[in-house]
Amino acid sequence: MTNRKIQMPREVYIDPGIVHDTAEICNSLHLGNDFLIVTGSHTYDIGARPVIESLEKNNLSYDVIKVDVASEESISEVEELITPETTVLGVGGGKVIDVAKLSSFNQGVYFVSMPTTASHDGIVSPLASIKNPNTSISATAHSPIAVIADSEIIAQSPFRLLAAGCADLIANFTAIKDWELAHRLKNEAFSESAAALSIMSAHLITDNIANIKPNLEPSARIVMKSLFSGGMAISIAGSSRPASGSEHLFSHALDKILDKPALHGEQCGIGTIMMMYLHGGDWRVIKNALESVQAPTTAVEVGISDEEIIDALVMANKIRPERYTILGDNGVSREAAYELAYKTEVI
Ligand SMILES: NC(=O)C1=CN([C@@H]2O[C@H](COP(=O)(O)OP(=O)(O)OC[C@H]3O[C@@H](n4cnc5c(N)ncnc54)[C@H](OP(=O)(O)O)[C@@H]3O)[C@@H](O)[C@H]2O)C=CC1
Ligand SMILES: O=C(CO)COP(=O)(O)O
Ligand SMILES: [Zn+2]
């Protein structure tokens, strides 16, 4: 654990149409009159427009910036628009929320998380993952002062994104196994409550799989609530340990290898199948759960070659050497990586 302070959002809304109440919510939190909307090119119309309407109706002033990538350059561009009076509204997917979170943290101003989809568990957490040449793993920033999740917008988002969010939560099963292992072998600090919350969040998905369907508001609500509790587990731990183990190391390795990676949650889900096999657990249960939410379970489904899968498996233990996992200090050999991916039907 890197941080003993537990950060939580002050208010969390997961409701259909709640985006239209953005100004009222911000006023009730005394967030002032000056807003910066950070959004993306697809999410501008879907998410930012209703936010703008709400701010205009209430005579609140705003600026808008669109970001295409979660990079240090994007962070700098956003920071240039922030004054001490600004509240940053991050309206979009994971990269937009990360850029809004980190730029507001760097400038010491409030941040409101407004997801337009439910694709990963950074929506509520204090961590941000920004791509730079050396690392793409998360760093501590700050929790949103509020989360305003419009479950109707999320329900209408491409189902592939929701399935990726489910897969990012299913990854908690191996992340916790890795954390327990590091606790036993390396005496790493372990939080029972964070681990329990993380596993419960993954179970909220696997226990409700039959109810997670495209274009349904109650389905979006289940995924969003699970991401919320998964994010709380991260807040309690003060690090991504409860949600990121060997399966995430595999995904981070793919991010480095591939010009066009698949979605974060998709890569983590495929990694979870293989890491569960290494842990000696029932990898077929993971595979079946992913298939049930229509998340990919094979390399071919996400356009990744067999070689790239093996390269990522071999590279994974070097991504974050301080985070001990089932990959051990030395990782897997090329031959073992091939066997692992083959036996688990990933390649
Ligand atoms: N902070 C943390 O702890 C974590 C951070 N992450 C990070 O989050 C990112 C992954 O997030 P993810 O959401 O998967 O990817 P992106 O943010 O890249 O979003 C994927 C695509 O979905 C689009 N989109 C979002 N909402 C909608 C919608 N309602 N309708 C149509 N399209 C939509 C986005 O549009 P647009 O082009 O407008 O952005 C984008 O093109 C990575 O950068 C990853 O590192 C992942 C896990 C945890
Ligand atoms: O994706 C995450 C949790 O789901 C964050 O994990 P990392 O710390 O590995 O970036
Ligand atoms: Zn993740």
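Residues numbered from 1 in each chain as written. Chains lettered and ligands numbered in written order. Predicted model: local features only at pLDDT ≥ 70, side-chain atom pairs only at ≥ 80, totals over all residues. Heavy atoms only, no water.

- If you look the chain up in an unreviewed UniProt entry, it shows as Glycerol-1-phosphate dehydrogenase [NAD(P)+] from Methanobrevibacter gottschalkii DSM 11977.
- Heading Subcellular location (unreviewed entry) of the UniProt record for the chain holds this comment: "Cytoplasm".
- In the Subunit (unreviewed entry) part of its UniProt record, the chain is described as follows: "Homooctamer." (UniProt positions renumbered as here; feature names shortened; annotations may be inferred.)

A look at the coordination of the zinc ion (ligand 3)
Inference 1: Distances from the zinc ion (ligand 3) to its protein donors, Asp168 (OD), His248 (NE2) and His264 (NE2), fall within 2.0 to 2.2 Å.
Inference 2: Sequence positions of the donors to the zinc ion (ligand 3) reduce to the motif D-x79-H-x15-H. With Asp168 in helix H6 (residues 159-170) and His248 in helix H10 (residues 246-257), this residue pair connects regions lying 80 residues apart in the sequence. Per residue, the accessibility class of Asp168 equals that of His248, and both read buried. (Donors = N, O, S within 2.8 Å, 3.2 Å for Na, K, Ca; no water. Helix = DSSP H or I, 4+ residues; strand = E, 2+ residues; numbered from the N terminus. Buried < 20%, exposed > 50% of the residue type's maximum accessible area, 1.4 Å probe, protein only.)

Describing the layout of surface pockets
Inference 1: By volume, the largest pocket amounts to about 1,300 Å³.
Inference 2: Lining the largest pocket are 50 residues, and of these Gly93, Gly94, Lys95, Leu263 and His264 sit closest to its centre.
Inference 3: Within the lining of the largest pocket, the residues separate by chemical class into 17 nonpolar, 23 polar and 10 charged. (1 Å grid on protein atoms, 1.4 Å probe; cavity = no way out; pocket = protein on both sides within 12 Å on 5 of 7 lines; lining within 4 Å. Points joined across faces, edges and corners; volume = space filled by probe spheres on them. Nonpolar A, V, L, I, M, F, W, Y, C, P; charged D, E, K, R; others polar.)

Thoughts on helix H4 (residues 94-107)
Inference 1: Taking 1.5 Å of rise per residue, the 14 residues of H4 would be expected to cover 20 Å, and the 20 Å separating its terminal C-alpha atoms lies within 8% of that figure.
Inference 2: By the criterion of burial, H4 is predominantly enclosed, with 10 of the 14 residues buried.
Inference 3: Among the residues of H4, those classed as buried are Gly94, Val96, Ile97, Asp98, Val99, Ala100, Lys101, Leu102, Ser103 and Ser104.
Inference 4: The secondary structure elements touched by the buried residues of H4 are strand E2 (34-39), helix H3 (72-80), strand E4 (86-92), strand E5 (111-115) and strand E6 (127-129).
Inference 5: At the C-terminal side of H4, Gly108 shows a positive phi close to 70 degrees. (Expected span 1.5 Å × (residues − 1). Contact = heavy atoms within 4.5 Å.)

Regarding the UniProt feature "binding site: NAD(+)" (unreviewed entry) in the chain
Inference 1: Per the UniProt record, "binding site: NAD(+)" (unreviewed entry) is found at Gly94, Lys95, Val96, Ile97, Asp98, Thr116, Thr117, Ala118, Ser119, Ser125 and Leu127. Within this annotated set, the largest cavity is lined by Thr116.
Inference 2: Structurally, Thr117 is set in the loop between E5 and E6.
Inference 3: Since its relative accessible area comes to 5%, Thr117 is described here as buried.
Inference 4: Other than its neighbours up to four places away in sequence, Thr117 contacts Gly92, Gly93, Ile123, Ile154, Ser157, Leu161 and Leu162.
Inference 5: In this structure the side chain of Thr117 is engaged in a polar contact, spanning 2.9 Å, whose partner is the side chain of Ser157.
Inference 6: Summarising the element assignment, Ser125 is placed in the loop between E5 and E6.
Inference 7: The contacts of Ser125, once residues within four sequence positions are left out, are Lys101, His142, Ser143, Pro144, Gly231, Ile234 and Ser235. (Polar contact = N/O pair within 3.5 Å; in protein donor to acceptor, adjacent residues only side chain to side chain.)

Comments concerning the nonpolar core
Inference 1: In terms of nonpolar packing, the biggest core is built from 53 residues, with Val38, Val78, Val99, Ile205, Ile212, Val223 and Met224 touching the most fellow members.
Inference 2: In terms of residues, this core owes the most to one element, H6, which gives 7 residues.
Inference 3: Each of two domains, domain 1 (11-156) and domain 2 (159-343), supplies a minimum of three residues to this core.
Inference 4: If sequence neighbours within four positions are ignored, Met224 has contacts with Ile14, Pro115, Ala118, Ile123, Val124, Ala149 and Ile154. (Core = buried A, V, L, I, M, F, W, Y, C linked by side-chain atoms within 4.5 Å. Domains from an automatic or database assignment.)

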